[in-house]
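# Examining the three-dimensional arrangement
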Amino acid sequence: MKNRYSTLLRNCLVIFTVLVALAAAMTSWCPVSCICNDQLVVHCSGQGLAEVPLDLPLATRQLLLSDNKITELPTVQLNYLSDLVYLDCSNNSLYHLCETTFINLKKLAYLDLSFNKLVQVDDRMFVALASLVVLRLTDNPGLDQMHVDAFAENSALQVLDISRNNLTLLNISTLITLPALRSIGVSGNPWECECSNEDLCLWMQVEDYKFQDDESTLCRGPAPLSGMRLSELGLKLRVDCHQGLDSWDYLFLLTVGFLIFSGGTVSAWVMGVVMLLYERWENKQENEEGDEEEGSGGEEQGNKDLNKPIQQV
């Protein structure tokens, strides 16, 4: 019994030692080109790295990769860092991010992708980042496309900065529904102040307190509006863009008119058929009543003839 107890105790001590060693390895191991501290922060900034180190501590909570030459974020290795809350990838050479890049980073709250070479933001790029609070996408000179639903799933997003890119148009239908959004930067883009950007201009005019750089958010074109602030043009575009009818309006009116005409024609035909059937039914009733009256009149006349005395010859 004593030997069994000793064996069990020894096994427990071995397991405990292994777990402690693993925990220590997860937190204390640090890539050669990085500096790690006890707060689970890994500094790999400014090391001239061409790729993300593959031997990052699994318990990393903050990862700083700024000022390197990284062209791609490794999906598998990055998603091992399930406790990551802060990721700085600014000033690198990232040009594309797929929908699985951040698929397992459920706790990520801060993401900086500024000063890179991104050219578009699609609708699945940030879909997994439900806890994202701050997103910086500034200074990507080739970034000229942003999907309307790019941030549809980021309900916790409070700060969004898309300044100094190459955006000319921004569909805000998803942005205005984000419940926590309180600050957005859009300056430094070559905005076209036409009807396609009417909603953006009107949003800036109505909720100017959300825009951190309203004074420097200017129109590139068309020529008469070049250099004007977007926030000054909301109501003007609302009036100018809805004075006449476009092709869709004419198509809508034509469709409605056709439906009304068709409905009126069908209604008139149905009414005519009903009236004709009613008239025929009414004539039939009158004829039947007339036949009954003639029949009863003939019977009365016959009875009178029978009641007359028979004259003798």
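Residues numbered from 1 in each chain as written. Predicted model: local features only at pLDDT ≥ 70, side-chain atom pairs only at ≥ 80, totals over all residues. Heavy atoms only, no water.

### Re the overall build of the protein chain
Applied cut-off: Only DSSP runs of H or I covering at least 4 residues are called helices, and only runs of E covering at least 2 are called strands; the numbering of each starts at the N terminus. Classification of residues uses two cut-offs on accessible area relative to the type maximum, computed with a 1.4 Å probe and protein chains only: under 20% is buried, over 50% is exposed, and between them is partly exposed. The contact rule is simple, with two residues in contact once any of their heavy atoms fall within 4.5 Å. Using the Shrake-Rupley algorithm and a 1.4 Å probe, accessible areas are obtained, with residue cover drawn only from the displayed protein chains.
Along the backbone of the protein chain there are five helices and 12 strands. The buried share of the protein chain, reckoned over its 313 residues, is 34%. At a minimum sequence separation of 6, the contacts of the protein chain that also span at least 24 residues come to 52%. With the model as given, the accessible surface of the protein chain reaches about 19300 Å², and the carbon-plus-sulfur share is 58%.

### Describing the state of the cysteines
For clarity, the cut-off: Defined by distance alone, a disulfide is two cysteine sulfur atoms within 2.5 Å.
Enumeration according to the criterion identifies four disulfides in this entry. Each sulfur of the disulfide joining cysteine 30 and cysteine 36 lies 2.0 Å from the other. Across the S-S bond linking cysteine 30 and cysteine 36, the dihedral sits near 80°, which makes this disulfide right-handed. Assessed through its relative accessible area of 25%, cysteine 36 is described here as partly exposed. With a sulfur-sulfur separation of 1.9 Å, cysteine 34 is cross-linked through a disulfide to cysteine 44.

### Some remarks on the sheet that holds strand E2 (residues 41-43)
Within a sheet, neighbouring strands are paired by backbone hydrogen bonds and run either parallel or antiparallel to one another. Rules: Any two strands between which DSSP finds at least two bridges are classified as paired.
Spatially, the eight strands line up as an open sheet ordered E1-E2-E3-E4-E5-E7-E9-E10, and their pairing is mixed. Edge positions in the sheet fall to strand E1 (35-36) and strand E10 (183-185), since each has one partner strand and no second. Note: strand E9 (residues 159-161) against E10, three bridges, orientation parallel. Considered in E10, the bridge of valine 159 is made with serine 183.

### Considering the UniProt feature "domain: LRRNT" (unreviewed entry) in the protein chain
Counted only if it meets this: UniProt positions are given in the numbering used here, feature names are shortened, and annotations may be inferred rather than shown by experiment.
Annotation from UniProt places "domain: LRRNT" (unreviewed entry) at residues 29-62. Helix makes up 0% of residues 29-62 and strand 18%. Its end C-alpha atoms lie 15 Å apart.

### Considering unusual backbone geometry
That bond from glycine 221 to proline 222 is cis: its omega, 0°, falls within 30 degrees of zero. Inspection of the secondary structure assignment puts proline 222 in the loop between strand E12 (219-221) and helix H4 (234-240). We note that phenylalanine 115 has phi near 55°; this positive angle belongs to a residue other than glycine. Mapped onto the fold, phenylalanine 115 is located in the loop between strand E5 (110-112) and strand E6 (120-121). Look at phenylalanine 115 and you get partly exposed, because its relative accessible area is 44%.

### Some details on the packing of aromatic side chains
The condition is simple: Only the six-membered ring of Trp is used, alongside the rings of Phe and Tyr, when aromatic pairs are assigned; centres must lie within 6.5 Å, and planes under 30 degrees apart are stacked while those over 60 apart are edge-to-face, with the rest tilted.
Scanning all chains against the criterion turns up five aromatic pairs. Both rings, one in phenylalanine 126 and one in phenylalanine 151, keep their centres 6.1 Å apart while their planes meet at 10°; by these two values the pair is stacked. Of the two residues, phenylalanine 126 sits in the loop between E6 and strand E7 (134-136) while phenylalanine 151 sits in the loop between strand E8 (145-146) and E9, which places them 25 residues apart along the sequence. With a relative accessible area of 0%, phenylalanine 126 lands in the buried category.

### Topic: the pattern of salt bridges
Let me state the cut-off plainly: Any carboxyl oxygen of Asp or Glu that lies within 4 Å of a side-chain nitrogen of Lys or Arg is treated as forming a salt bridge with it.
Throughout the structure, instances matching the rule amount to 11 salt bridges. Here aspartate 199 and arginine 238 are joined by a salt bridge, their closest N and O atoms 3.8 Å apart. In this pair, aspartate 199 sits in helix H3 (residues 198-206) while arginine 238 sits in helix H4, placing the two residues 39 residues apart along the sequence. The class of aspartate 199 is partly exposed, set by a relative accessible area of 45%. Note on arginine 238: relative accessible area 33%, which makes it partly exposed. Among the salt bridges present, the one from arginine 229 reaches glutamate 232, with a minimum N-O distance of 3.4 Å. The class for glutamate 232 is partly exposed, based on a relative accessible area of 40%.

### Overview of the layout of surface pockets
The cut-off we apply is this: Points on a 1 Å grid over protein atoms alone make up a cavity when a 1.4 Å probe fits among them but cannot get out, and a pocket when they form an open set with protein on both sides within 12 Å along at least five of seven lines; lining residues each have an atom within 4 Å of a point. Grid points are joined across faces, edges and corners, and a volume is the space filled by probe spheres set on the points.
Roughly 220 Å³ of internal volume is contained in the largest pocket. Along its surface, the largest pocket is lined by 17 residues, and Met146, Leu169, Leu170, Asn171 and Ser196 are the ones closest to its centre. Broken down by element, the lining of the largest pocket gets its largest block of residues, three residues, from H3.

### Notes on a nonpolar patch on the surface
Heads up, the condition is: Patch membership is restricted to residues that have no salt bridge and whose relative accessible area is over 30%. Joining uses 9 Å for like charges and 5 Å for the nonpolar side chains Val, Leu, Ile, Met, Phe, Trp and Tyr.
A cluster of nonpolar side chains, Val266, Trp269, Val270, Val273, Val274 and Leu277, forms an exposed patch at the surface whose accessible area comes to about 560 Å². With respect to the element layout, valine 273 can be found in helix H5 (residues 247-307). A relative accessible area of 31% places valine 273 in the partly exposed class.

### Here's the deal with H3
Those residues of H3 that fall on the buried side of the exposure criterion are Glu198, Leu200, Cys201, Leu202, Trp203 and Met204. At its buried positions, H3 is contacted by E10, strand E11 (191-192) and H4.

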